[in-house]
Amino acid sequence: MRVTQSGLDLNLLTALDALLEECSVSGAAQRMHLSEPAMSRTLGRIRKALGDPILVRAGRSMVPTPHALAIRAEVRVIVERARTLFAAAGEVDLRTLSRTFTVLAHDAFTAACAETLFARAAREAPGVRLKFLGEGYVDAPALREGIADLEVGVIDTVSPEVHTEHLFDDRMVACVRVGHPLLEGRCTPERFAAAEHLIVSRRGRLHGPVDAALAELGLTRRVVGTVPTFPSSLFILRAGDLVGLVAEQLTTMVAEMGLRTFEVPLDLPPLPMGLAWHPRNNADPGHAWLRGCLRDVMTGLTE
């Protein structure tokens with residue numbers, strides 16, 4: 001910020017964080033318990049300090065400028081570090097906690113577990129909001145840059161900057177419509193390979209571990225295409241004879257949609273399910289509460 005050290009107002013960082021998250025003066029004002037005129041004046045001070053508009057009108061909404069997008073992650077990190085610094089170590093009053101947590105998760109997990117998390121937050125920490133971000137089609141250091149507070153699902157990162165916690169190993173099972181031919185009789189690798197398959201891939205990949213396992217047996221399958229999200233695949237599978245895959249822990253949700261699952265007749269690698277977060281959040285009591293909530297929900301899937 002273009003201010004002297006003696007004139008630095010750290011409250012502007014908190015306001016900037018709220019404005020960049022809400023992309024709305026009214027939303028940021030509500031979050032910080034200020035009036036809209038007061039937040040508008042604060043935005044004016046931020047614009048003057050940074051020499052940038054930060055938020056500009058785009059129709060009836062506001063969008064961040066390129067400079068705002070470039071500093072958003074750093075601002076979030078600074079604000080979270082300051083919050084941790086001034087919080088009593090190991091203590092948090094959940095009833096008065098006012099905070100937004102961002103969780104990076106595969107949409108399958110979100111579809112199966114988000115409702116439970118929202119309900120728990122409403123009971124224990126009504127001032128907490130949860131934002132779920134889907135996995136992007138490209139990898140980005142979301143935890144390191146403060147874009148996400150926690151990652152949940154299949155954790156395969158080896159970055160020394162990320163703390164990981166393994167909870168359990170899941171596995172993939174096949175998923176088809178009721179009455180699908182593969183549900184009749186024994187499903188051999190040959191029958192499985194002869195079917196037409198649908199892949200869920202955020203990057204649009206047309207091959208995966210199934211193809212590697214089939215290749216070891218001298219077999220290949222026909223993949224008719226990919227879709228980027230798990231829920232969309234279920235609607236497609238329900239309407240035809242395509243074969244898909246689903247994590248075993250999500251079979252209850254799949255059954256509620258009228259689909260059936262069966263064993264894949266191949267030796268597939270396990271899915272290491274767990275949590276990941278940046279070490280700067282280790283001692284943050286609010287973050288520890290969030291980790292506990294997600295840990296309970298995930299382990300509950302195995303019961």
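What counts as what
Residues numbered from 1 in each chain as written. Predicted model: local features only at pLDDT ≥ 70, side-chain atom pairs only at ≥ 80, totals over all residues. Heavy atoms only, no water. Pairing = 2+ DSSP bridges. Helix = DSSP H or I, 4+ residues; strand = E, 2+ residues; numbered from the N terminus. Axes fitted to C-alpha atoms, helices over the stretch in contact; angles between N-to-C directions. Buried < 20%, exposed > 50% of the residue type's maximum accessible area, 1.4 Å probe, protein only. Contact = heavy atoms within 4.5 Å. Salt bridge = Lys/Arg side-chain N within 4 Å of Asp/Glu carboxyl O. Polar contact = N/O pair within 3.5 Å; in protein donor to acceptor, adjacent residues only side chain to side chain. Disulfide = S-S within 2.5 Å. Phe/Tyr/Trp six-rings, centres within 6.5 Å; stacked < 30°, edge-to-face > 60°. Lys NZ or Arg CZ within 6 Å of the ring centre and 35° of its normal. Parallel < 35°, antiparallel > 145°, perpendicular 65-115°, else oblique. Nonpolar A, V, L, I, M, F, W, Y, C, P; charged D, E, K, R; others polar. pLDDT = per-residue confidence, 0-100.

Novice: An account of the sheet that holds strand S11 (residues 259–262) is requested, with residue identities and associated values reported.
Specialist: The pairing of strands in a sheet happens through backbone hydrogen bonds and is either parallel or antiparallel. With respect to topology, 3 strands assemble into an open sheet ordered S10-S7-S11, the strand pairing being antiparallel. Strands with a single pairing partner mark the edges of an open sheet, and in this sheet they are strand S10 (244–247) and S11. Across the sheet, the axes of successive neighbouring strands diverge by a mean angle of 45°, strand direction being ignored. The sheet contact formed by strand S7 (residues 172–177) and S10 spans 4 bridges and is antiparallel. From the neighbouring strand, Val173 faces S10, where its bridge partner is Val246.

Novice: For the side chain of Thr65, give the residues involved together with the corresponding values.
Specialist: Residue position: Thr65 is located in the loop between strand S2 (61–64) and helix H4 (66–86). Taking relative accessible area as the criterion, Thr65 reaches 7% and is therefore assigned buried. Not counting chain neighbours up to four residues away, the residues in contact with Thr65 comprise Asp52, Pro53, Ile54, Leu55 and Val56.

Novice: I'd like a description of the pattern of salt bridges, backed by residues and values.
Specialist: The full count for this structure, using the stated rule, is 15 salt bridges. One salt bridge connects Arg76 with Glu21, and the closest N-O pair in it is separated by 2.6 Å. In this pair, Arg76 is assigned in helix H4 and Glu21 in helix H1 (residues 11–22), connecting sequence segments 55 residues apart. Assessed through its relative accessible area of 16%, Glu21 is described here as buried. Note that Arg171 is salt-bridged to Glu248, the shortest N-O span being 2.9 Å. With Arg171 in the loop between strand S6 (163–170) and S7 and Glu248 in the loop between S10 and helix H9 (251–256), this pair connects stretches of sequence that are 77 residues apart. The class for Arg171 is partly exposed, based on a relative accessible area of 32%.

Novice: Tell me about the environment of Glu263, residues and numbers included.
Specialist: Within the secondary structure layout, Glu263 lies in the loop between S11 and strand S12 (271–277). Separated by 248 residues in sequence, Glu263 and Ala15 place their C-alpha atoms 52 Å apart. One polar contact links Glu263 to Arg171, side chain to side chain, over a distance of 2.6 Å.

Novice: Explain the state of the cysteines to me, and be specific about the residues and the numbers.
Specialist: Going through the model one piece at a time under the given rule, you end up with 0 disulfides. Between Cys175, a free cysteine, and Cys187, which holds the nearest cysteine sulfur, the sulfur-to-sulfur gap is 13 Å.

Novice: Describe in detail the packing of aromatic side chains, supporting the description with residues and values.
Specialist: Scanning all chains against the criterion turns up 1 aromatic pair. Aromatic side chains Phe118 and Phe132 sit 5.9 Å apart centroid to centroid with 75° between the ring planes, which places their arrangement in the edge-to-face category. Placement of Phe118 in helix H5 (residues 107–124) and of Phe132 in strand S4 (residues 128–133) is noted, with a sequence separation of 14 residues between them. Taking NZ or CZ as reference, Arg291 lies 4.5 Å from the ring centre of Trp277, over its face.

Novice: Let's hear about the side chain of Asn281: which residues, and what values?
Specialist: Note that Asn281 resides in the loop between S12 and helix H10 (285–300). If we skip the residues at most four places from it in the chain, Asn281 touches Asp149, His287 and Arg291.

Novice: An account of the packing of H1 against helix H3 (residues 36–50) is needed here, citing residue identities and associated values.
Specialist: One can describe the packing of H1 onto H3 by two numbers: an axis separation of 10 Å at closest approach and a directional angle of 105°. The angle between the axes of H1 and H3 places the two elements in the roughly perpendicular class. Here Leu12, Ala15, Leu16 and Leu19 of H1 lie close against H3, whose contacting residues are Met39, Thr42, Leu43, Arg45, Ile46 and Leu50. Considered class by class, the residues forming the contact of H1 with H3 number 8 nonpolar, 1 polar and 1 charged.

Novice: Residues and numbers for the confidence of the model for the protein chain, please.
Specialist: Of all residues in the protein chain, 92% have pLDDT values of 70 or greater, and the mean over the chain is 87. The element-level mean pLDDT for the protein chain is lowest in H4, coming to 80, with helix H6 (residues 189–194) highest at 97. Every residue in residues 1–6 is under pLDDT 50, and counting partners more than four places away or in other chains gives 11 contacts.

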